[in-house]
Amino acid sequence: MVKVGFHYRSEYKGHVMTEDHVECPERLDSIVEHLEESKLMKKLVPLEALSSPVGEELVRDVHQEPYISKVKRVCGKGGGKLDQGDTIANEHSYDIAIQAVEGVAGCAKAILDGKVQRAFAAVRPPGHHAVEGSAMGFCIFNNVATAARYIQMNSEIKKIAIVDFDVHHGNGTQDIFYEDGSVLFFSTHQFPFFPGTGAPGETGIGDGRGLTINCPLTEGSRGSDVLAAMESKLLPALKKFQPEILLVSAGFDAHKEDPVGGLLLLDDDYVKISKMLVEISNQYCEGRLLSVLEGGYNLDTLGHLVGIHLQALLED
Ligand code: OKP
Ligand code: ZN
């Protein structure tokens with residue numbers, strides 16, 4: 001029986017951008033309530049966050065000092081815009097964004113320690129748009145990127161694959177590892193769409209050449225298109241790269257009922273995608289898989305989709 005961890009803290013609900021914003025605290029209620037009601041929660045190992053100051057240290061490994069200070073300052077004065085207006089902080093957002101980094105790192109530690117093989121972190125704010133020097137697209141600090149650095153600095157694991165199936169391109173993660181030969185980044189996303197990046201020609205530079213793989217999909221694309229991209233582009237790249245752990249930027253906004261995205265994935269597509277990721281982790285990574293919540297904005301379906309994803313993680 002595979003051990004799968006689940007991480008969540010109610011503190012993450014304290015970050016609120018604006019009234020009635022799609023990236024809202026209730027997203028986490030949708031997830032936790034579904035996992036409780038479906039009894040899936042009983043099958044999961046609860047995982048704790050690492051403690052302070054780990055989060056601030058990890059954030060310094062990925063983000064620039066002036067940007068970190070800016071987030072702190074804006075929150076210190078009660079909140080405000082962190083970018084042109086897509087990403088807004090309240091008084092608690094700095095602390096909570098740091099806690100999210102510590103939460104995901106806690107999951108990574110549990111996997112490295114062998115306490116669980118796989119884990120899902122239900123954190124917010126999301127992270128995959130956050131670049132080194134700025135907030136972007138509801139994201140403050142890059143949770144997946146900081147977890148990747150945590151793993152590299154605290155284990156023998158050096159080669160990390162990141163798969164991003166959020167409907168939006170994970171531009172922040174791409175940027176952070178663009179010249180890095182130790183991290184492979186693969187993304188399927190609606191294109192053209194926010195944030196505008198993720199064209200097939202963006203493939204990495206220097207040591208990172210060939211390790212960024214973008215699979216843009218036109219509006220109205222289906223799960224079969226995502227799966228075909230994974231089969232034809234991700235699997236061969238991984239065979240060559242031989243990652244030692246798989247990180248997943250798990251956004252559920254490519255679902256057909258999502259109010260933000262324009263792709264048409266069905267519940268069953270999330271089963272297939274999740275199973276393929278599990279297979280990859282088994283083939284290359286001794287089962288090590290860490291999945292982190294990014295987007296997903298339909299409160300009536302988000303919990304169910306995370307449940308489907310976790311169900312696949314629970315199977316060997
Ligand atoms: C975050 B995640 C133009 C619209 C901005 C931002 C979407 C962020 C999505 N101002 N939309 O990837 O789900
Ligand atoms: Zn998204």
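Structure: see above.
First, a word on what this report is: a plain description of the structure on this page.

**Describing the coordination of the zinc ion (ligand 2)**
Octahedral metals with six donors have ideal donor angles of 90 or 180 degrees. Tetrahedral metals with four donors have an ideal donor angle of 109.5 degrees. Distances from the zinc ion (ligand 2) to its protein donors, D166 (OD), D166 (OD), H168 (ND1) and D253 (OD), fall at 1.9 to 2.7 Å. Angles of 54 to 156° at the metal separate the 6 donor atoms of the zinc ion (ligand 2), which places the site in the irregular class.

**Examining the sheet that holds strand β10 (residues 289-293)**
Sheets are built from strands that pair by backbone hydrogen bonding, the pairs being arranged parallel or antiparallel. With parallel pairing, the 8 strands of this open sheet are ordered in space as β2-β1-β5-β10-β9-β6-β7-β8. The open sheet has two edge strands, β2 (45-46) and β8 (212-217), and neither has a second partner. Where strand β1 (residues 4-7) meets β2, 2 bridges bridge the pair, whose relative direction is parallel. The residue bridging F6 from the neighbouring strand is P46, located in β2.

**Some points on the side chain of D269**
Mapped onto the elements, D269 comes out in helix α8 (residues 267-284). Buried and unpaired, D269 has K272 as its nearest opposite-charge partner, separated by 4.6 Å. Side-chain polar atoms of D269 contact the backbone nitrogen of L266, separated by 2.8 Å. For D269, the residues in contact, after removing those within four places along its chain, are G223, S224, L227 and L264.

**Quick look at the pairing of strand β6 (residues 160-164)**
For β6, a buried count of 5 out of 5 residues is recorded, marking the element as mostly surrounded by other parts of the structure. Residue alternation in β6 divides its side chains into two sets, I160, I162 and D164 and A161 and V163, and both sets are buried. Alignment of β6 against strand β7 (residues 183-190), held across 5 bridges, turns out to be parallel. Within β7, the position partnered with A161 by the bridge is L184. Of the crossover connections in this fold, the one passing from β6 over helix α6 (residues 171-176) to the parallel β7 is right-handed. The pairing of β6 with strand β9 (residues 245-250) spans 5 bridges and is parallel.

**As for the pattern of salt bridges**
Summed over the entire model, instances satisfying the criterion amount to 11 salt bridges. The salt bridge partner of E315 is K275, with a shortest N-O separation of 4.0 Å. Within this pair, whereas E315 is found in the segment after α9 (302-314), its partner K275 is found in helix α8, the two being separated by 40 residues in sequence. Classification of E315 as partly exposed rests on a relative accessible area of 35%. A network of salt bridges, in which partner residues are shared, links E23, R27 and R124.

**Looking at helix α5 (residues 143-154)**
The α-helix winds at 3.6 residues per turn, so residues separated by three or four positions along the chain end up facing the same way. If you check α5, its first and last C-alpha atoms are 16 Å apart, about what 12 residues at 1.5 Å a residue would give, namely 16 Å. Among the 12 residues in α5, 10 count as buried, and that is most of the element. Turning to α5, its buried residues are N143, V144, A145, T146, A147, A148, R149, Y150, I151 and Q152.

**Overview of the packing of aromatic side chains**
Geometrically, a pair of aromatic rings is defined through the distance of the ring centres and the angle of the planes. This model, assessed by the stated rule, comprises 7 aromatic pairs. Here the aromatic rings of F6 and F120 are separated by 6.3 Å at their centres, their planes lie at 10°, and the arrangement is stacked. Taken together, the positions of F6 in strand β1 and F120 in strand β5 (residues 118-121) put the pair 114 residues apart, joining distant regions of the chain. Note on accessibility: F6 and F120 belong to one class, buried. Relative to F141, the ring of Y94 lies with its centre 6.1 Å away and its plane at 85°, an arrangement referred to as edge-to-face. Taken as a pair, Y94 in helix α4 (residues 93-112) and F141 in the loop between β5 and α5 lie far apart in primary sequence, 47 residues in all. Classification of F141 as buried rests on a relative accessible area of 1%.

Rules used throughout
- Along each chain, residues carry numbers from 1 onward, in the same order as the chain's sequence is written.
- Note on labels: chains are lettered from A, ligands numbered from 1, in written order.
- pLDDT decides what is reported in this predicted model: residues at 70 or higher carry local features, side-chain atom pairs at 80 or more are listed and counted, and totals for whole chains, interfaces and linings draw on all residues regardless.
- For side-chain calculations, the full set of non-hydrogen atoms in the structure is used, while hydrogens and water are omitted.
- Here a donor is an N, O or S atom found within 2.8 Å of the metal, or within 3.2 Å if the metal is Na, K or Ca; sites may look incomplete because water is not among the atoms.
- In this scheme the shape depends on donor count and angles: four donors with every angle between 85 and 135 degrees give tetrahedral, four or six donors with opposite pairs above 155 degrees and others between 65 and 115 give square planar or octahedral in turn, and any other case is irregular.
- Whether two strands pair depends on DSSP finding at least two bridges between them.
- In this description a helix means any DSSP run of H or I spanning at least four residues, a strand means any run of E spanning at least two, and both kinds are numbered starting from the N terminus.
- Using a 1.4 Å probe on the protein chains alone, a residue whose accessible area is under 20% of its type maximum counts as buried, one over 50% counts as exposed, and one in between counts as partly exposed.
- Neither His nor the chain ends contribute to the count of charged residues, in which Lys and Arg are positive and Asp and Glu negative.
- We define a salt bridge as a contact between a side-chain nitrogen of Lys or Arg and a carboxyl oxygen of Asp or Glu at a distance within 4 Å.
- Here a polar contact is taken to be a pair of N or O atoms separated by no more than 3.5 Å, where protein atoms must pair a possible hydrogen donor with a possible acceptor and residues adjacent in sequence count only if both atoms sit in side chains.
- Residue contacts are defined here by distance: any two heavy atoms, one from each residue, within 4.5 Å place the two residues in contact.
- Orient the strands so they point away from the viewer; a crossover is then right-handed if the path from the first strand over the helix to the second runs clockwise.
- Expected helix span is given by 1.5 Å per residue-to-residue step, counting one fewer step than there are residues.
- We call Phe, Tyr and Trp rings a pair once their centres come within 6.5 Å, taking the six-membered ring for Trp, and we label the pair stacked below 30 degrees between planes, edge-to-face above 60, and tilted otherwise.

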